[in-house]
Amino acid sequence: MKLILLGPPGAGKGTQANILSQRFGIAHISTGGILREAISACTPTGVKAKGYVKRGELVPDEVVTQIVAEKLGDERVKNGFMLDGFPRNVNQAKNLDSSLKKFGQKIDLVVYFQTSPNVSIQRLSGRRVCKRCGANFHLKNMPPKKEGICDKCGGELIQREDDREQTIKNRLKVYEEQTSGLIEYYTKKGLLQTVSGDLEAEQVYKELLKKFDDNNKIEE
Ligand code: AMP
């Protein structure tokens, strides 16, 4: 299954992608995750991306399009992938269409996580991530057993720099201005299905399975 997860920051796309990749072994391609790794490893891509990510702005299209094109060429994603955080504007969506065409592939389904701004803000401002293994926690919704320490690897939990209040507001504004137009783009292509991103993760997961089932996209 070739899937795009679409929705504002804090909609729970990454959470669902993690569950789906564990459960069905579908490759999870998160452009935000790839960029954060590149930034911490100070690669040339990371150096280019750093300022944009810090300010909550979009990294230039050619940088992210190149990252995704490389991933799509990988043997391991031939049978399926989930794109999380890409595309983020119509130009990226068109670039994606061209890359997929080159590899003889196409998107099966776009899931739009419809989420209220208040829910996004609450999730992002309380999110803490493990510095070592990248696991996600939430101060209220999913607190670690021991404050500030990752349950999985014992690493230190930190707040992502772009999860600070001012940057969250900017990310949501950027989403409204540049990304939300993709809802129409994929509706016109007949690929869009909507789930409620405001629900608890378990309920969203159930809704997702139902959408897959309705569209004959996956078998448990
Ligand atoms: P995310 O983890 O998806 O919220 O992404 C974190 C940050 O990475 C974003 O605020 C952008 O600065 C950058 N980013 C991730 N994906 C893209 C993309 N498709 N296009 C441009 N910038 C991106």
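See above for the structure.
The notes below deal with the structure included here. (Residues numbered from 1 in each chain as written. Predicted model: local features only at pLDDT ≥ 70, side-chain atom pairs only at ≥ 80, totals over all residues. Heavy atoms only, no water.)

Focus on helix α2 (residues 31–40)
Within the sequence span of α2, burial applies to Thr 31, Leu 35, Ala 38 and Ile 39. Down the axis of α2, the buried set is contained in an arc of 100 degrees. They therefore lie on one face. Among the exposed residues of α2, those pointing more than 90 degrees away from its buried face are Glu 37 and Ser 40. Residues of α2 that are buried make contact with β2 (27–30), α3 (44–55), α4 (61–72) and β3 (81–84). Once α2 finishes, Cys 42 follows within two positions and takes phi at roughly 50 degrees, a positive value. (Buried < 20%, exposed > 50% of the residue type's maximum accessible area, 1.4 Å probe, protein only. Helix = DSSP H or I, 4+ residues; strand = E, 2+ residues; numbered from the N terminus. Arc of directions from axis to C-beta. Contact = heavy atoms within 4.5 Å.)

Side note on the environment of Thr 179
Inspection of the secondary structure assignment puts Thr 179 in helix α7 (residues 165–179). A residue is classified by how much of its surface remains accessible, and Thr 179, at 3% relative accessible area, is buried. As a C-alpha pair, Thr 179 and Arg 88 span 91 residues in sequence and 4.8 Å in three-dimensional space. In contact with Thr 179, other than residues within four places in its own chain, are Leu 6, Pro 87, Arg 88 and Val 174. Here Arg 88 takes part through its backbone oxygen, which lies 2.8 Å from a polar atom of the side chain of Thr 179. (Polar contact = N/O pair within 3.5 Å; in protein donor to acceptor, adjacent residues only side chain to side chain.)

Digging into empty space enclosed by the protein
For the structure on display, the rule yields one cavity of 30 Å³ or more. Reported here for the largest cavity is a volume of approximately 70 Å³. What lines the largest cavity is Ile 4, Leu 5, Leu 6, Gly 7, Pro 9, Lys 13, Gly 85, Phe 86, Pro 87, Arg 88, Tyr 175 and Thr 179. Broken down by secondary-structure element, the contributors of at least two residues to the lining of the largest cavity are β1 (2–6) and α7. Examining the composition of the lining of the largest cavity, we find that three residues originate from one element, β1, more than from any other. Split by residue class, the lining of the largest cavity holds seven nonpolar, three polar and two charged. (1 Å grid on protein atoms, 1.4 Å probe; cavity = no way out; pocket = protein on both sides within 12 Å on 5 of 7 lines; lining within 4 Å. Points joined across faces, edges and corners; volume = space filled by probe spheres on them. Nonpolar A, V, L, I, M, F, W, Y, C, P; charged D, E, K, R; others polar.)

Side note on the packing of helix α1 (residues 13–24) against helix α9 (residues 201–214)
Contact geometry of α1 with α9 gives a least axis separation of 10 Å together with a crossing angle of 60 degrees. Regarding the angle of α1 to α9, the classification is oblique. For α1 against α9, the interelement crossing comes out right-handed. Residues Thr 15, Gln 16, Ile 19, Leu 20, Arg 23 and Phe 24 of α1 form the contact with α9, whose participating residues are Ala 201, Val 204, Tyr 205, Leu 208, Leu 209 and Phe 212. (Axes fitted to C-alpha atoms, helices over the stretch in contact; angles between N-to-C directions. Parallel < 35°, antiparallel > 145°, perpendicular 65-115°, else oblique. Left-handed = near helix turned anticlockwise from the far one by under 90°.)

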